[in-house]
Amino acid sequence: MPKLPWGMARYRFLDGMGDVMGEREFPDHAAALGWAHDEEELDDDVQRVEYLGPEGDWRWAGALEG
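Residues numbered from 1 in each chain as written. Predicted model: local features only at pLDDT ≥ 70, side-chain atom pairs only at ≥ 80, totals over all residues. Heavy atoms only, no water.

Before going further, it helps to spend a moment on the pattern of salt bridges. For the structure on display, the rule yields six salt bridges. Across the pair E50 and R12 runs a salt bridge, and its minimum N-O distance is 2.7 Å. Of this pair, E50 sits in strand β3 (residues 48-52) while R12 sits in strand β1 (residues 9-14), placing them 38 residues apart in sequence. Classification of E50 as buried rests on a relative accessible area of 9%. A salt bridge links R48 to E50, with the nearest nitrogen and oxygen atoms 2.8 Å apart. Through salt bridges with shared partners, a single ionic network connects R12, R48 and E50. (Salt bridge = Lys/Arg side-chain N within 4 Å of Asp/Glu carboxyl O. Helix = DSSP H or I, 4+ residues; strand = E, 2+ residues; numbered from the N terminus. Buried < 20%, exposed > 50% of the residue type's maximum accessible area, 1.4 Å probe, protein only.)

Time to look at helix α1 (residues 29-38). Burial in α1 covers these residues: H29, A32, L33, W35 and A36. Buried residues of α1, seen end-on, are gathered within an arc of 160 degrees and therefore sit on one face of the element. Of the surrounding elements, those touching the buried residues of α1 are β1, β2 (20-26) and β3. Near the N-terminus of α1, the side chain that reaches the backbone nitrogen of A30, with its oxygen 3.3 Å away, is that of D28. (Arc of directions from axis to C-beta. Contact = heavy atoms within 4.5 Å. Polar contact = N/O pair within 3.5 Å; in protein donor to acceptor, adjacent residues only side chain to side chain.)

Within the largest apolar cluster, twelve residues are counted, these being A9, Y11, F13, F26, A32, L33, W35, A36, V46, V49, Y51 and A61. Mapped onto this core, the elements with two or more residues apiece are β1, α1 and β3. With four residues, the top contributor of residues to this core is α1. Ignoring anything within four residues of it in the chain, the contact list for F26 reads M8, A9, Y11, F13, A31, A32 and W35. (Core = buried A, V, L, I, M, F, W, Y, C linked by side-chain atoms within 4.5 Å.)

Before going further, it helps to spend a moment on the confidence of the model for the protein chain. It should be kept in mind that the predicted coordinates are not to be read in detail where pLDDT is low. Looking at the protein chain, the pLDDT average stands at 87 and 88% of residues meet or exceed 70. Ranking the elements of the protein chain by mean pLDDT puts α1 last, at 93, and strand β4 (residues 58-60) first, at 96. (pLDDT = per-residue confidence, 0-100.)

This is the structure we're talking about:
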């Protein structure tokens, strides 16, 4: 995936109930999705990753690989 045109983006990680488990900044979707797949810091598995778009709205970042 290409880098975001505005630099680093804020990502949030959600559990199966849609509750936010944490937020971090990454340079692109691939880095955020990779972290979500491999992370061991969070208590539960990440089910969804969203990023804060340039208009201030949360957007889906892509599917997590199983």
